[in-house]
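Each chain, written out:
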Amino acid sequence: MDIVITSGKGGTGKTMLSAAIASLMGDAGSAVCLMDCDVEAPNAALLLKIPVKPVDAATVPVPSVDTERCTGCGACEKICRYNAIPVIQGQPLVLPELCHGCGGCALACPEKAIHEVPREIGAIEEGERGTLHFVGGRLNIGEAMSPPLIREVKRRYYGSDTRIIDSPPGTSCPAVTAADGARYAVLVAEPTPFGLNDFILASQMLRALEIPLGAVINRDGCGDGGVDHYCLGQGIEVIAKIPQSWEIAAAYSRGEAVEHLLEHHRDALDTIAETALRGAARCS
Ligand code: SF4
Ligand code: SF4
């Protein structure tokens, strides 16, 4: 069962909750996998203090042109939606950073002048603690193409009963790729006007993906009741609230946020885990 933990805006505490819930399930003996799909800022393993090691390189296939065969017909340029292979003065110029690795140009080339070569975009990392398995992606610095790496992370591990997916924040391709296929989404919100704006966008994204969702309000008490009112109006269950707390912030800065949540906010974590598992089971 895939449960995605996501948020409309960054800094809501989504990764902290993902790590705490995976830890809770792992400590209870469940075969759980935490998948860090926030590949531009992967820090779930750090929060859990799980040592990880790179196990594989993640690559995307990009075209390589055989200039002997190429006639400069332009069919490759015409089919590419990403302008990744312009033909300049009869010569195709591959722009690897723009290429999405769809393979269209190789299929379209009438001269069979294109073959694909792998381009490294990042690494897959894995680690383990008891029954908790960790797999995550680390995007290379300066790399823009995160969805293929996120897909690779999600393809990696299928041996767990439950997979907790720590999504990148937002509503663009990386967040959609991370959430796609999940059976339930926990949408973490900050109770501020900015938080509400991004919460609305993210809830609309999840509904477009037909993923049932519930909300967790983090830093409850720091803002207004806008997220509560929106959830009420939209029929979104507010699963739990984590209070605005100096102790949590201090524990986070010491790298002990997960331990603090497990010790002082166990009831909220239990409720989130149970609701998410129930919601995912209903969707099976
Ligand atoms: S593989 Fe796809 S995205 Fe890449 S250059 Fe060819 S057509 Fe464009
Ligand atoms: S489609 Fe093939 S032959 Fe035509 S320009 Fe591209 S690489 Fe050259």
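Residues numbered from 1 in each chain as written. Chains lettered and ligands numbered in written order. Predicted model: local features only at pLDDT ≥ 70, side-chain atom pairs only at ≥ 80, totals over all residues.

1. Overview of the overall build of the protein
Turning to step 1, where the next piece is worked out: Looking only at helices and strands, one finds 11 helices and 11 strands in the protein.
Turning to step 2, where the next piece is worked out: For the C-alpha atoms alone, the extent of the protein along its principal axes is close to 70 × 40 × 35 Å.
Turning to step 3, where the next piece is worked out: Across the 284 residues of the protein, 49% fall into the buried class.
Turning to step 4, where the next piece is worked out: Here the analysis covers contacts within the protein between residues at least 6 apart in sequence; of these, 74% occur between residues at least 24 apart. (Helix = DSSP H or I, 4+ residues; strand = E, 2+ residues; numbered from the N terminus. Buried ≥ 20, exposed ≤ 12 C-beta atoms within 10 Å, placed from the backbone. Contact = placed C-beta atoms within 7 Å.)

2. Section: the domain arrangement of the protein
Turning to step 1, where the next piece is worked out: Partitioning the protein into structural domains gives domain 1 (2-58 + 122-282) and domain 2 (61-119).
Turning to step 2, where the next piece is worked out: Taking the mean C-alpha position of each, domain 1 and domain 2 sit 38 Å from one another. (Domains from an automatic or database assignment.)

3. What to know about the packing of helix α1 (residues 14-27) against helix α10 (residues 257-264)
Turning to step 1, where the next piece is worked out: Running from N to C, α1 and α10 point in directions that differ by 60 degrees, and their axes come no closer than 9 Å. What the angle tells us is that α1 and α10 run oblique. Our pair here, α1 against α10, has a crossing hand that is right-handed. In this structure, α1 contributes Met-16, Ala-19, Ala-20, Ser-23 and Leu-24 to the contact, and α10 contributes Ala-257, Val-258, Leu-261 and Leu-262.
Turning to step 2, where the next piece is worked out: Among the residues making up the contact of α1 with α10, the classes are represented as eight nonpolar, one polar and no charged. (Axes fitted to C-alpha atoms, helices over the stretch in contact; angles between N-to-C directions. Parallel < 35°, antiparallel > 145°, perpendicular 65-115°, else oblique. Left-handed = near helix turned anticlockwise from the far one by under 90°. Nonpolar A, V, L, I, M, F, W, Y, C, P; charged D, E, K, R; others polar.)

4. Concerning the site of ligand 1
Turning to step 1, where the next piece is worked out: Every one of the 13 residues lining ligand 1 counts as a neighbour, but Cys-80, Cys-99, Cys-102, Gly-104 and Cys-105 are closest to it.
Turning to step 2, where the next piece is worked out: Of the residues contributing to the shell around ligand 1, the split by class is nine nonpolar, four polar and no charged. (Near = placed C-beta within 6 Å.)

5. Let's talk about the site of ligand 2
Turning to step 1, where the next piece is worked out: Taken together, the neighbourhood of ligand 2 is formed by 15 residues, with Cys-70, Cys-73, Ala-75, Cys-76 and Cys-109 sitting nearest.
Turning to step 2, where the next piece is worked out: When the residues that make up the shell around ligand 2 are grouped by side-chain class, the tally is 11 nonpolar, three polar and one charged.

6. Overview of unusual backbone geometry
Turning to step 1, where the next piece is worked out: Here Gln-89, not a glycine, exhibits a phi torsion of approximately 50 degrees, which is positive.
Turning to step 2, where the next piece is worked out: Residue position: Gln-89 is located in the loop between β4 (87-88) and β5 (91-92).
Turning to step 3, where the next piece is worked out: Judged by the 6 C-beta atoms lying within 10 Å of it, Gln-89 falls in the exposed class.
Turning to step 4, where the next piece is worked out: One non-glycine residue, Lys-112, lies in the positive phi region at around 50 degrees.
Turning to step 5, where the next piece is worked out: Assignment of secondary structure puts Lys-112 in the loop between α4 (104-108) and β6 (114-129).
Turning to step 6, where the next piece is worked out: You can call Lys-112 exposed: it has 10 C-beta atoms within 10 Å.

7. What about helix α11 (residues 266-282)?
Turning to step 1, where the next piece is worked out: Look at α11: 24 Å from first C-alpha to last across 17 residues, which is about the 24 Å you get at 1.5 Å a residue.
Turning to step 2, where the next piece is worked out: Looking only at α11, the buried set comprises Ala-268, Leu-269, Ile-272, Ala-273, Ala-276, Gly-279 and Ala-280. Taken end-on, α11 shows its buried residues confined to a sector of 135 degrees, consistent with a single buried face. The outward face of α11, more than 90 degrees from its buried face, is lined by the exposed residues Arg-266, Asp-267, Glu-274, Arg-278, Ala-281 and Arg-282.
Turning to step 3, where the next piece is worked out: Contact partners of the buried residues in α11: β1 (2-6), α1, β9 (184-189), β10 (213-220), β11 (237-243) and α10. (Expected span 1.5 Å × (residues − 1). Arc of directions from axis to C-beta.)

8. What about the sheet that holds β1?
Turning to step 1, where the next piece is worked out: The nine strands lie next to each other as β3-β6-β7-β2-β8-β1-β9-β10-β11, forming an open sheet whose pairing is mixed. Both edges of this open sheet fall to β3 (53-65) and β11, since each of them pairs with a single strand only. Looking at each pair of strands side by side, their axes are set apart by 20 degrees on average, direction ignored.
Turning to step 2, where the next piece is worked out: Lying on the sheet, helix α5 (residues 147-156) is in contact with β2 (32-36), β3, β6 and β7 (132-139); it crosses β7 at an angle near 165 degrees.
Turning to step 3, where the next piece is worked out: Helix-sheet contacts for helix α8 (residues 226-234) involve β9, β10 and β11, and the interaxial angle to β10 is about 165 degrees. (Pairing = 2+ DSSP bridges.)

9. As for the confidence of the model for the protein
Turning to step 1, where the next piece is worked out: The predicted model of the protein averages 94 in pLDDT, with 99% of residues at 70 or higher.
Turning to step 2, where the next piece is worked out: Within the protein, the lowest mean pLDDT, 93, falls on α5, and the highest, 98, falls on helix α3 (residues 75-79). (pLDDT = per-residue confidence, 0-100.)

10. Description of the pairing of β1
Turning to step 1, where the next piece is worked out: The buried count for β1 comes to five of five residues, which makes it a mostly enclosed element.
Turning to step 2, where the next piece is worked out: Burial of the side chains of β1 extends over both faces: Asp-2, Val-4 and Thr-6 are buried on one face and Ile-3 and Ile-5 on the other.
Turning to step 3, where the next piece is worked out: Pairing between β1 and strand β8 (residues 162-166): four bridges, direction parallel. Counted as the bridge partner of Val-4 is Ile-165 from β8.

11. Details of the pairing of β7
Turning to step 1, where the next piece is worked out: Of all eight residues in β7, eight are buried, a share of seventy percent or more.
Turning to step 2, where the next piece is worked out: As paired elements, β2 and β7 share five bridges and run parallel to each other. Bridging from a neighbouring strand, Val-32 pairs with Leu-132 of β7.
Turning to step 3, where the next piece is worked out: Here eight bridges tie β6 to β7, and the two strands are oriented antiparallel to one another.

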